[in-house]
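Listed below are the residues making up each chain.
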Amino acid sequence: MSAAEVTHRVADRGRQEVWARRRVAPGSAVRGAVPGLLSGRTFDATLPAAVREAVSPRARQALLSAADRLLDGQYDVLGCPRPDIADPDWFHDPVTARRAPQDVLAFRVDHRDESVTGNVKSVWELSRHHHLTVLAAAWWLTGDDRYSDVVARQLRSWWSANPFLSGVHWTSGIELGVRLTSWVWVRRLLDEWPGVTDLFDENEDALRQLRWHQEYLAAFRSRGSSANNHVIAEAVGRLVAACAFPWFRESERWRVQAAAELETHLVANTFPSGANREQATDYHRFVTELGLLALVEADRAGHPLRPGIRRLLASSLDVAASIVDCTGRPPRQGDGDEGRGLVVDDPQAEPWAQLLGLGAAVVGPLSWWPATHPSVASMVVPALAPAPGVTARLAVAPRALADAGMYLLRTPPGDGPEIWCRCDGGPHGFLSIAAHAHADALSVEVRCDGVDVLADPGTFCYHGDLRWRSYFRSTLGHNTIEVDGVSQSVEGGPFLWSTRTDSAVDRADLSEVAGRLQRWSGHHGGYARLDPALRHDRTVTLDRTPRTVCVEDTLTGSTRHTARLAWHLGPQVEVVLRDATAELSWVGRSGAATARLVLPAELEWTVHRGETDPVLGWYSPRFGERVPSTTLVGSGAWTGVLHLRTLLDLDVAAVPELAGVALRAGRHDHGAEER
């Protein structure tokens, strides 16, 4: 931390001690009027009447089906069923079966200790109230009071159970910011419901919570090394609430401060290319979605964000559209926890497609974007403040995001099943702690027609057994080379790196019109702490004609070292290893497919799948879930220079003994560690 950040954190600790006296215990009465409350309150942040009829039948049906499942108790939170969703315990963790603290000063709750809170991410997630925006949207579409009654009952329950500064739900600002955004949309979607005024406008519990949330976020902001997606979500919540609920004497000041903070940090969190700086693709989506919600809300309130922010968000959307594969799936780089800014569609719908649909409606799509489908969000959000699209943008999809270190080698449409390859060659992560980065320098992902062949295993978890957190962010947990049994960067904690390995790109010839070859080269010196001469160079070549991806690695050092080269196969891929040749097979969109992976004979190869001691051979399809997958590990030692060559041939005839192999993507391990 910088000296300034340390000073701010010390000041925050002192403020916590002062604020502790303001804590309200659950069940206790709060005396006096709501401070700063203005008279003559109205809610003007409503939706145009015509937008309801414009929602497509497809989007309408998907949302209503999701809402009905929710009422029936069919709802998952980060991979865990919540059959109590119709009447939830806001402090229950279904992962560990623990109950997080409720009647404790929030500043005394150690939310990083699972023995105290259970899996805190699972506890927090339900209280973002995305399920309530789903039900409110269902009421808005149908007028069916089954939905509104549950929303009202649960909001009253939450407000009663979580008074100011009591319990786990007051321990993290990002949670308050997202929750405020949800409350604004619940009030908006229920505007025509007869009970909405009693629920929000004239309800002291609601009014106190709105004030408490905004007071807290104004006082305790993420700063310095934590000024990543957290500060964005906090600022968006403050801005959206101050615009939609200008009901307090401080509302104008809160709005101005939140807008300025959001503008500053959106710029700071975004590369000039439009890519998010956290080196974590899922957070690119999350931050872009939050930015769009704030942009439209500020426009509606007559206080637009500065013009450059709309263009920044358009650039971020163009990046999002450019990096997806032929099935619309993004890269799996860095951490991802499925964070959402607003959910008014089926919660199980693909969030990346939801983002692009929303972005197309707000800033306009480009001709090369993948096709998008109208959603409820893409209708209701831009309806608040229609605006012209952003022009003068990229004429073609970028293949190289040099500032972010993301490079795509891919075959063009019409050239057979798409080969999509991402190469990692740039900064390790964002800010001093690089909280959501992985030790994945020079790693690659390869997909064939959308199927993970050489896969990034994902994230799985943030808390709990640290073996799993460490594995999924380790060098061995990625398609790159580990030296001397340690990762390129040194872990300092679950969201902290003590050292960081940035990589440099030496060559990037990625244009599909330049010929049949696309080639990328990069290097890093992250292991110089072990040997000043130690360096890893990698070249990746996509050859369109024989449909191959060749990875050439060179390790240089001054003393003897050991190396492990890992190739993580996607969960759909079956493998038969014969010496240094792996025959691969899977079932894709067009039926059975095969490939051959010719491995460097200089290493000794072993097969690993679903192992726990040590952890190896896993794939996380979404946060909180993991499935066994096959990892091929080549081990060896060298002194001086070691050259390794791996060839993935995606144009081979079917292997007879592998024909008809079953798709295995849905097979889960249900061990004690699965979330």
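Just above sits the structure.
Computed from a predicted structure; not experimentally measured.

(A) Spotlight on the sheet that holds strand 5 (residues 419-424). The five strands are arranged 3-4-5-6-7 in an open sheet whose pairing can be described as antiparallel. If you trace the sheet from one side to the other, it starts and ends with strand 3 (400-401) and strand 7 (451-454), each paired once. Contacting strand 3, strand 4 (406-410) and strand 5, helix 14 (residues 307-323) crosses the sheet at an angle of about 40° to strand 4.

(B) Local environment of empty space enclosed by the protein. The tally for this structure, following the rule as stated, stands at six cavities of 30 Å³ or more. Of the voids in this model, the largest cavity is the one considered here, and its volume is about 110 Å³. What lines the largest cavity is simply Ala275, Asn276, Gln279, Ala280, Thr281, His284, Val319, Ile323, Gln333, Leu401, Ala404 and Met406. Going through the elements one at a time, helix 13 (281-300) and helix 14 are the ones with two or more residues in the lining of the largest cavity. Broken down by class, the residue content of the lining of the largest cavity amounts to seven nonpolar, five polar and no charged. In this structure, the second largest cavity spans a volume of roughly 60 Å³. Looking at the second largest cavity, the residues that line it are Glu289, Leu293, Arg340, Leu342, Pro351, Gln354, Leu355, Leu358 and Ala377. Counting residues per element, the ones that place at least two in the lining of the second largest cavity are helix 13 and helix 15 (351-362). Here the lining of the second largest cavity takes four residues from helix 15, the largest share from any one element. Here the residues of the lining of the second largest cavity are counted per class, giving six nonpolar, one polar and two charged.

(C) Region of interest: the state of the cysteines. Applying the stated rule across the entire model yields zero disulfides. Distance from the sulfur of cysteine 80, which forms no disulfide, to the nearest cysteine sulfur (cysteine 461) is 12 Å. Overall, cysteine 80 belongs to the buried group, its relative accessible area being 7%.

(D) Quick peek at helix 7 (residues 145-161). Taking 1.5 Å per residue, 17 residues should reach 24 Å; helix 7 reaches 24 Å between its end C-alpha atoms and fits that length. Within the span of helix 7, buried status applies to Tyr147, Ser148, Val150, Val151, Ala152, Gln154, Leu155, Trp158, Trp159 and Ala161. Next to the buried residues of helix 7 lie helix 3 (57-71), helix 6 (130-142), helix 8 (173-189), helix 9 (196-201) and helix 10 (204-219). The distance from a side-chain oxygen at the start of helix 7 to the backbone nitrogen of arginine 146 is 2.9 Å, and the residue carrying that oxygen is aspartate 144.

(E) Inspection of the packing of aromatic side chains at higher detail. The tally for this structure, following the rule as stated, stands at 23 aromatic pairs. For the ring pair phenylalanine 200 and phenylalanine 245, a centre distance of 6.2 Å and an interplane angle of 20° mean the geometry is stacked. Here phenylalanine 200, found in helix 9, pairs with phenylalanine 245, found in the loop between helix 11 (229-244) and helix 12 (251-268); they are 45 residues apart in sequence, far enough to count as distant. A relative accessible area of 0% places phenylalanine 200 in the buried class. By relative accessible area, phenylalanine 245 is classed as buried at 0%. Ring geometry for phenylalanine 460 against phenylalanine 472: centres 5.7 Å apart, planes inclined by 45°, an arrangement best described as tilted. Of the two residues, phenylalanine 460 sits in the loop between strand 7 and helix 17 (466-473) while phenylalanine 472 sits in helix 17, which places them 12 residues apart along the sequence. Assessed through its relative accessible area of 1%, phenylalanine 460 is described here as buried. Linked through ring pairs, Trp19, Phe107, Phe164, Trp170, Trp212, Tyr216 and Phe220 together constitute an aromatic cluster. Taking NZ or CZ as reference, arginine 15 lies 5.7 Å from the ring centre of phenylalanine 220, over its face. Here the guanidinium or amino end of arginine 626 rests over the ring plane of tryptophan 618, the centre of that ring lying 4.7 Å away.

(F) Region of interest: the pairing of strand 6 (residues 444-448). Counting buried positions over the five residues of strand 6 gives five, a clear majority of the element. Burial along strand 6 is two-sided: Val444, Val446 and Cys448 and Glu445 and Arg447, pointing in opposite directions, are all buried. Pairing between strand 5 and strand 6: five bridges, direction antiparallel. Pairing of arginine 422 across the sheet is with glutamate 445, part of strand 6. Direction of pairing for strand 6 relative to strand 7: antiparallel, over a ladder of three bridges. In the sheet register, valine 446 faces strand 7, and the bridge partner there is leucine 454. Hairpin connection of strand 6 to strand 7: two residues between the antiparallel strands, including aspartate 449 at a positive phi of 55°.

(G) Representation of the pairing of strand 13 (residues 535-543) in the model. Where burial is concerned, most of strand 13 is hidden: eight out of the nine residues are buried. Two strands pair when backbone bridges link them, and strand 12 (residues 517-524) and strand 13 are joined in this way by eight bridges, in the antiparallel orientation. Looking across to strand 13, one finds that glutamine 518 is bridged to leucine 542. Bridge count for strand 13 against strand 14 (residues 548-568) is nine bridges, and the pairing is antiparallel. Paired with arginine 538 across the bridge in strand 14 is aspartate 553.

(H) Examining the environment of valine 446 more closely. If you trace the backbone, valine 446 turns up in strand 6. Valine 446 sits 37 residues away from leucine 409 along the chain, and the two C-alpha atoms are 9.2 Å apart. Apart from residues no more than four positions distant in its own chain, valine 446 is found in contact with Ile419, Trp420, Cys421, Val451, Asp452, Val453, Leu454, Val549 and Leu648.

(I) Structural view of the environment of tryptophan 185. Looking at where tryptophan 185 falls in the secondary structure, it is placed in helix 8. By relative accessible area, which is 2% here, tryptophan 185 ends up buried. In this structure, the C-alpha to C-alpha distance between tryptophan 185 and isoleucine 323, residues 138 residues apart in sequence, is 30 Å. Setting aside anything within four residues of it in sequence, one finds tryptophan 185 in contact with Leu47, Thr133, Glu297, Leu342, Val380, Val381 and Leu384.

(J) Local environment of the side chain of serine 629. Looking at the secondary structure, you find serine 629 in the loop between strand 22 (627-628) and strand 23 (630-649). Those residues in contact with serine 629 that lie beyond four places of it in its chain are Leu569, Gly570, Pro571, His608, Arg609, Gly610, Gly617, Trp618 and Tyr619.

What counts, and where the lines are drawn
- Residues numbered from 1 in each chain as written.
- Predicted model: local features only at pLDDT ≥ 70, side-chain atom pairs only at ≥ 80, totals over all residues.
- Heavy atoms only, no water.
- Pairing = 2+ DSSP bridges.
- Helix = DSSP H or I, 4+ residues; strand = E, 2+ residues; numbered from the N terminus.
- Contact = heavy atoms within 4.5 Å.
- Axes fitted to C-alpha atoms, helices over the stretch in contact; angles between N-to-C directions.
- 1 Å grid on protein atoms, 1.4 Å probe; cavity = no way out; pocket = protein on both sides within 12 Å on 5 of 7 lines; lining within 4 Å.
- Points joined across faces, edges and corners; volume = space filled by probe spheres on them.
- Nonpolar A, V, L, I, M, F, W, Y, C, P; charged D, E, K, R; others polar.
- Disulfide = S-S within 2.5 Å.
- Buried < 20%, exposed > 50% of the residue type's maximum accessible area, 1.4 Å probe, protein only.
- Expected span 1.5 Å × (residues − 1).
- Polar contact = N/O pair within 3.5 Å; in protein donor to acceptor, adjacent residues only side chain to side chain.
- Phe/Tyr/Trp six-rings, centres within 6.5 Å; stacked < 30°, edge-to-face > 60°.
- Lys NZ or Arg CZ within 6 Å of the ring centre and 35° of its normal.

Geometric descriptors of this kind do not, in isolation, establish any biological role.
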